[in-house]
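An overview of the molecular structure
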Amino acid sequence: MNVTPLFWLVPIASVVALTMAWFFFKNMMKADEGTPRMREIAEHVRKGAMAYLKQQYLVVLKVFLVLVVLFAFMAYVLKIQNPWVPFAFLTGGLFSGLAGFFGMKTATYASARTANAARKSLDSGLRIAFRSGAVMGLVVVGLGLLDIALWFIALSYVYGSDHVSLITITTTMLTFGMGASTQALFARVGGGIYTKAADVGADIVGKVEADIPEDDPRNPATIADNVGDNVGDVAGMGADLYESYCGSILSTTALGATAFASAGDMQMRAVIAPMIIAAVGIFLSLISIFLVRTKEGASMSQLLRSLAVGTNTSAVLIAFATFLILYGLGLDNWVGLSFSVISGLTAGVVIGQATEYYTSHSYKPTQAISESAQTGPATVIIKGIGTGMISTSIPVLTIGVAIMLSYLCANHFDLSMSAESISKGLYGIGIAAVGMLSTLGITLATDAYGPIADNAGGNAEMSELGEEVRHRTDALDALGNTTAATGKGFAIGSAALTALALLASYVEEIKIAMTRAMEGGQQFIDAAGNAFDPSKASMPEMMEYFQVTLMNPRVLVGVFIGAMAAFLFCGLTMGAVGRAAAKMVDEVRRQFREIKGILEGKATPDYGSCVEISTRAAQHEMILPSLLAIIIPIVTGIVLGVAGVLGLLVGGLCAGFTLAVFMANAGGAWDNAKKFVEEENFGGKGSEVHKATIVGDTVGDPFKDTSGPSLNILIKLMSMVSIVMAGLTVACNMM
């Protein structure tokens, strides 16, 4: 394999990331898990989480086997697909599932240890929770780069490394992204339904009706709620950002292979550049992880600054490192491409800061929601929805600016729309997405920290550790709510850039499918009646051949279907949470009514029945929304062709991105508005204002933890499915 020695930094970085993840895990395990009661509660949560994950993986395995058979039939019988696709699809799903599994296993061991460390100091609790979250971040980037490196080495050995082979290799590698996306969607949707069914049920009956504290051991849904935090916000988020990370790198390698196809050795350098940026990002993330610490009695703004030190340091370091990497590779226009990366990094920081502003109770928007609760739950809902809608403006404009800057910086600010200009510009957009996700090792650590801190608070409450410890865990939990909301904004921002790069990759995959059809004897005729050779066609020529214009009704219908898919998906997942939560409410009410002495603390609730309700509901309800994300692109491709699919992907991207930001921010703001009241504002806990904010928090739960975060997977999965099914789309729409 004829690659620069710098490439070997990629597998080395992946091994270093996995080694450090193991190091952080072993250090966390050395910490004391606390009192016998704390250990007992942690064990209940651990068993429930692992039992659920086992059931989820069995369901996903069945879906994967069906899809692998379909891909094998298309590849080996119909000859309309690359023969490596079934295997790439499987490895993508396997590594994505492993990332979620290892992260959740760590989180379930870390929560009690975080609570016990909080008995000593706030800083001790923060360090254990954050470094346990770092295990998730490092596992995701380590497994992601390892999978990419192994496939690149294997396919380069099979196909060689000439300029045609590199296009084949990179487009083939894209297909393992579909496996990762499929696994991620099931994990996100199933985990989201599980956790919010328990959370909503616990809040409605426990906090509102019975007027007992959150995570009170008298509440039968408490264990299920804590289990849900792990399966939804840890395992689900890990699988989610694994596919974002891999998708951005893979789509950029494919764009690089095409944009620099006639540039000799420059093509190989363009292909490995995103991998090396991601590899260096791992080392810089590790440095930044060790910088996160705080002091006793820190305020929310001080805690946020503690995490910001780590994330901002890694962002600044990777910005400087990018110039050195691209210069060292000798890429044409390395300065412009470096600024493309910086535009992606900057967009991630801006979106994160905007999300923090609209969701943290240190700022006016969330405080205004708390204030509106003085007139009841209705005004809390109205104010929260309005805040969420307004909050979409900064992320949307930021992504718009990042797209334009990364495109123009990469093509020397060439506005001619020539074939070369477009190819280089699209490569710039892809590498901007890589830049945004290059420090995922620490960014995901701040996100995975959230559910660990939340579970630590639950453990402290159920173990009756005392007011001072609970105050510390509440501070860590409130910080986790903000970092989780920031992480969701970051994830959807990166999804927007990645999905845009995948659009271009889809066109390249269509070219390969058409070339394969021509080799089988198929002829393609353009609108003027002339023979059309897709293997020599540029991006503008492909668009002209398929009549991808706003005047083509196929494109317009595809845009409408894509926008509808985002809302349909949200409606189905919200409805699923509602149905599962209703069953949970009925069960908690039944136990309060029939098991005498629960509310007096004289009888133990039946936690297992609530865990079973969430498990069954999640297994059943996650199937339809997840399968629709696979079916809609396939049917659209068969009926409306390439033009319709491109419209579908554009509509899904625009509606899905905006809707996801709205739902994540509205849900996060409602949650922290409740936290703000609980800090002795507007009457504090137990007041009518507090009860009104609990209603808002309950409505926001499926917004921020089920439907919203699942949308970024939806828009990328539809792109990945379209890419994998490009051969079928071409075969069904021969022109």
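Parameters and conventions
- Residues numbered from 1 in each chain as written.
- Predicted model: local features only at pLDDT ≥ 70, side-chain atom pairs only at ≥ 80, totals over all residues.
- Heavy atoms only, no water.
- UniProt positions renumbered as here; feature names shortened; annotations may be inferred.
- Helix = DSSP H or I, 4+ residues; strand = E, 2+ residues; numbered from the N terminus.
- Rg over C-alpha atoms; globule rule 2.2 N^0.38 Å.
- Contact = heavy atoms within 4.5 Å.
- Lys, Arg positive; Asp, Glu negative; His and termini not counted.
- Charge placed at Lys NZ, Arg CZ, Asp CG, Glu CD.
- Salt bridge = Lys/Arg side-chain N within 4 Å of Asp/Glu carboxyl O.
- Buried < 20%, exposed > 50% of the residue type's maximum accessible area, 1.4 Å probe, protein only.
- pLDDT = per-residue confidence, 0-100.
- Disulfide = S-S within 2.5 Å.
- Patch = residues over 30% accessible without salt bridge, like charges linked within 9 Å, V, L, I, M, F, W, Y side chains within 5 Å.
- Areas by Shrake-Rupley, 256 points an atom, 1.4 Å probe, with all protein chains shown as cover.
- Expected span 1.5 Å × (residues − 1).
- Arc of directions from axis to C-beta.
- Core = buried A, V, L, I, M, F, W, Y, C linked by side-chain atoms within 4.5 Å.
- Axes fitted to C-alpha atoms, helices over the stretch in contact; angles between N-to-C directions.
- Parallel < 35°, antiparallel > 145°, perpendicular 65-115°, else oblique.
- Left-handed = near helix turned anticlockwise from the far one by under 90°.
- Nonpolar A, V, L, I, M, F, W, Y, C, P; charged D, E, K, R; others polar.

In the annotation of an unreviewed UniProt entry, the chain is listed under the name Putative K(+)-stimulated pyrophosphate-energized sodium pump and assigned to Alloprevotella tannerae ATCC 51259. Taken from UniProt, the Catalytic activity (unreviewed entry) comment for the chain reads in full: "Na(+)(in) + diphosphate + H2O = Na(+)(out) + 2 phosphate + H(+)". Entered under Sequence similarities (unreviewed entry) in the UniProt record, the comment concerning the chain runs "Belongs to the H(+)-translocating pyrophosphatase (TC 3.A.10) family. K(+)-stimulated subfamily."

Another aspect to go through is the overall build of the chain. Counting its secondary structure elements, the chain contains 22 helices and 0 strands. Taking 27 Å as the expected radius of gyration for a compact globule of 735 residues, we find that the chain reaches 25 Å, a close match to that expectation. In terms of principal-axis extent, the alpha carbons of the chain reach across some 85 × 50 × 40 Å. Once local pairs closer than 6 in sequence are excluded, the contacts in the chain between residues at least 24 apart make up 83%. The average position of the 47 basic charges and that of the 56 acidic charges among the side chains of the chain differ by 5 Å.

With that settled, consider the side chain of Ser132. With respect to the helices, strands and loops of the structure, Ser132 is situated in helix H4 (residues 122–159). Residue contacts for Ser132: discarding those within four places in its chain leaves Met28, Thr106, Ala110 and Ile452.

For the structure shown, the criterion picks out 29 salt bridges. A salt bridge links Glu594 to Arg590; the shortest N-O distance between them is 3.0 Å. Residue Glu594 and its partner Arg590 are both found in helix H18 (residues 553–594); the two are separated by 4 residues, about one turn of the helix. Arg616 is paired through a salt bridge with Glu612; the nearest N and O atoms lie 2.6 Å apart. One end of the pair is Arg616 and the other is Glu612, both in helix H19 (residues 607–621) and 4 residues apart, which spans about a single turn. Classification of Arg616 as exposed rests on a relative accessible area of 59%. Taking the relative accessible area as the measure of exposure, Glu612 reaches 38% and is therefore partly exposed. Here the salt bridges share partners, and the residues they tie into one network are Lys196, Asp199, Asp477, Asp671, Lys674, Lys675, Asp697, Asp701, Lys704 and Asp705.

Notably, His412 is not glycine yet its phi reads approximately 60°, a positive angle. Relative to the helices and strands, His412 resides in the loop between helix H13 (393–410) and helix H14 (419–437). Exposure remark for His412: the relative accessible area of 55% places this residue in the exposed category. With phi around 55°, Phe413 is a residue other than glycine that occupies positive phi space. Counting through the fold element by element, Phe413 comes out in the loop between H13 and H14.

The pLDDT averaged across the chain works out to 88; a share of 97% of its residues lies at or above 70. Element-level pLDDT for the chain is lowest in helix H16 (residues 467–519), with a mean of 81, against a maximum mean of 96 in helix H12 (residues 377–390).

Taken as a whole and assessed by the stated rule, the structure comprises 0 disulfides. Note on Cys654: no disulfide assigned, nearest cysteine sulfur contributed by Cys570 at a separation of 15 Å. The exposure class of Cys654 is partly exposed, given its relative accessible area of 48%.

This paragraph deals with the side chain of Thr195. Structurally, the position occupied by Thr195 is in helix H6 (residues 176–209). By relative accessible area, which is 0% here, Thr195 ends up buried. In this structure Thr195 touches Asp225, Gly228 and Asp229, once residues within four positions along its chain are discounted.

Attention shifts here to a nonpolar patch on the surface. Where nonpolar side chains cluster on the molecular surface, the patch consists of Phe73, Tyr76, Val77, Leu78 and Phe87 and spans about 490 Å² of accessible area. It is helix H2 (residues 36–77) that contributes the most residues to the nonpolar patch, 3 residues altogether. Tracing the chain through its elements places Phe73 in helix H2. Here Phe73 falls in the partly exposed class, since its relative accessible area comes to 42%.

Let's shift gears to H12. Taking 1.5 Å per residue as the helical rise, H12 with its 14 residues ought to reach 20 Å, and the 20 Å between its terminal C-alpha atoms agrees with that figure. Where H12 is concerned, the buried positions are Val380, Gly384, Thr387 and Gly388. In an axial view of H12, the angular spread of the buried residues amounts to 95°, which keeps them on one side of the axis. Seen from the buried face of H12, the exposed residues on the opposite side, beyond 90 degrees, are Ala378, Ile382, Met389 and Ile390.

Grouped together as the largest cluster of nonpolar side chains are 238 residues, with contacts concentrated most on Phe152, Met178 and Tyr427. For this core, the element with the most residues is helix H20 (residues 623–678), which contributes 22 residues. Counting 7 residues, the second-largest nonpolar core is a separate cluster that includes Ala115, Ala118, Leu465 and Val469.

On to the environment of Leu479. Turning to its location among the elements, Leu479 is positioned in helix H16. A sequence separation of 25 residues divides Leu479 from Asp454, and the C-alpha atoms of the two residues are 9.6 Å apart.

Axis separation between helix H7 (residues 222–259) and helix H8 (residues 265–289) bottoms out at 6 Å; the angle between their running directions is 155°. The pairing of H7 with H8 is recorded here as roughly antiparallel in orientation. With respect to the hand of their crossing, H7 and H8 are arranged in right-handed fashion. Across the interface between the two elements, Tyr245, Ile249, Thr252, Thr253, Gly256 and Ala257 from H7 touch Gln267, Ala270, Val271, Pro274, Met275, Ala278 and Ile282 from H8. Among the residues making up the contact of H7 with H8, the classes are represented as 9 nonpolar, 4 polar and no charged.

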